[in-house]
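Report on the structure
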Amino acid sequence: MEKFTLEILFQIIGIGSASGLFYNNDALYVIGDNSGFLYEYNMQNQQLNQHALIDNPTQNIPKNLKPDFESLTHHNDTLYVFGSGSTENRNKMIEFDLKSKTVIKKNNLVDLYALMQSFGEIKPEDFNLEGAIFDGENWFLFNRGNGVTNKNTIFTIHAKKLDEEFALIAVNYKLPKIKGVRSSFTDAVLVDDKIYFLSTAEDTKSTYDDGEILGSFIGRIDVKTMKIDFTQKITSTNKFEGLTFYKKKNNKIEFLLCEDNDTELLETKIYKLTLPVK
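This report concerns the structure included in the present document. As the structure is a computational prediction, the values presented were derived from the model and not from experiment.

1. With respect to the overall build of the protein chain
Along the backbone of the protein chain there are one helix and 22 strands. Compactness check: the protein chain gives a C-alpha radius of gyration of 17 Å against a globular reference of 19 Å for 278 residues, within 12% of the reference. Its C-alpha atoms give the protein chain principal-axis dimensions of roughly 45 × 45 × 35 Å. For the protein chain, the proportion of its 278 residues judged to be buried stands at 57%. Sequence separation of 24 or more characterises 48% of the internal contacts of the protein chain that already satisfy a separation of 6 or more. Surface exposure of the protein chain reaches about 12200 Å², of which carbon and sulfur atoms provide 46%. For the protein chain, the centre of its 32 positive side-chain charges and the centre of its 39 negative side-chain charges are spaced 6 Å apart.

2. Section: unusual backbone geometry
At lysine 101, a residue that is not glycine, the phi angle is positive and equals roughly 60°. Along the chain, the position of lysine 101 falls in the loop between strand S8 (92-97) and strand S9 (102-108). Overall, lysine 101 belongs to the partly exposed group, its relative accessible area being 29%. In this model, aspartate 192 sits at a positive phi of 55°, which is unusual for a non-glycine residue. Of the residues examined, aspartate 192 reaches a relative accessible area of 59% and is grouped as exposed.

3. Concerning the pairing of strand S22 (residues 267-276)
Taking burial as the measure, the ten residues of S22 include eight buried ones, the bulk of the element. Sheet analysis places strand S1 (residues 5-13) next to S22, joined by eight bridges and oriented antiparallel. The residue of S22 that forms the bridge with phenylalanine 10 is isoleucine 270. Here seven bridges tie strand S21 (residues 252-259) to S22, and the two strands are oriented antiparallel to one another. Among the inter-strand pairings, leucine 257 is bridged to a residue of S22, identified as tyrosine 271.

4. Here we look at the side chain of glutamate 254
Within the secondary structure layout, glutamate 254 lies in strand S21. By relative accessible area, glutamate 254 is classed as buried at 7%. For glutamate 254, the contacting residues outside a window of four places in its chain are Phe245, Tyr246, Lys247, Lys249, Lys272, Leu273 and Thr274.

5. Focus on the sheet that holds strand S17 (residues 194-203)
Strands in a sheet are paired, the pairing made by backbone hydrogen bonds, and the direction either parallel or antiparallel. Here we have four strands laid out as an open sheet, ordered S16-S17-S18-S19, and antiparallel in their pairing. Two strands lie at the open edges of the sheet, namely strand S16 (184-191) and strand S19 (227-235), each paired on one side alone. Adjacent strand axes in the sheet meet at a mean angle of 20°, parallel and antiparallel pairs treated alike. As defined by bridge partners, S17 adjoins strand S18 (residues 212-222) across ten bridges and the pair is classed as antiparallel. Across the sheet, residue phenylalanine 197 finds its bridge partner in S18, namely glycine 219.

The rules we used
- Residues numbered from 1 in each chain as written.
- Predicted model: local features only at pLDDT ≥ 70, side-chain atom pairs only at ≥ 80, totals over all residues.
- Heavy atoms only, no water.
- Helix = DSSP H or I, 4+ residues; strand = E, 2+ residues; numbered from the N terminus.
- Rg over C-alpha atoms; globule rule 2.2 N^0.38 Å.
- Buried < 20%, exposed > 50% of the residue type's maximum accessible area, 1.4 Å probe, protein only.
- Contact = heavy atoms within 4.5 Å.
- Areas by Shrake-Rupley, 256 points an atom, 1.4 Å probe, with all protein chains shown as cover.
- Lys, Arg positive; Asp, Glu negative; His and termini not counted.
- Charge placed at Lys NZ, Arg CZ, Asp CG, Glu CD.
- Pairing = 2+ DSSP bridges.
- Axes fitted to C-alpha atoms, helices over the stretch in contact; angles between N-to-C directions.

Here it is as structure tokens:
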């Protein structure tokens with residue numbers, strides 16, 4: 001692959017453990033996996049607003065209680081924020097209206113997550129959703145294979161709503177390794193008919209406990225074949241967990257990325273990744 005560039009674009013004070021991004025009209029929406037808020041950052045005037053996603057939200061919810069919001073996706077004027085499903089507290093999916101800036105529905109996906117675990121042959125302790133895409137007809141949910149079995153799985157759910165009757169497909173992937181540790185999905189975004197995904201190598205056998213960060217990759221999957229086009233290592237030190245499309249110009253595509261610093265520090269660096277379009 002031709003040369004990529006990765007640079008720090010800016011820093012946001014007031015957000016910690018960033019785990020998901022969505023960029024739209026100079027506004028950057030951010031979730032943190034230990035926070036009960038959706039953050040809205042205006043990139044022009046550098047103003048940060050926060051919107052409650054749960055009752056009595058706080059900035060740093062204890063690990064055993066947090067909803068673990070790890071991924072968000074959008075369709076039309078709705079943002080969908082997903083809990084990881086890695087414990088019983090983490091089964092929420094929140095629907096947020098971008099026009100009124102309010103929560104319009106709170107969903108409990110415990111039954112859907114249990115069905116996905118059974119269908120994908122993933123043990124509850126290895127189930128950890130960290131990426132989500134919705135194209136209006138299909139939901140793509142990405143299981144991060146950082147448990148013992150390394151089950152990096154993309155679940156495709158054919159349904160307009162997750163509480164309707166649906167068809168379910170599960171595809172497993174072997175992602176690249178760093179120092180013998182296999183990387184695992186941490187986020188994904190759909191651009192045209194391609195899925196761009198992030199994966200991180202973290203030296204742990206637990207979906208709950210953190211480990212040493214060995215690096216992260218960007219990769220691409222063709223939606224029609226669901227096969228990987230390429231993977232590219234982009235860092236040896238960062239645990240990138242959020243990915244959103246930014247711009248496309250001059251045969252280059254730009255993404256914004258965020259990283260989970262696994263601390264209670266309320267600072268988030270936003271990175272820009274530029275790749276050649278091929």
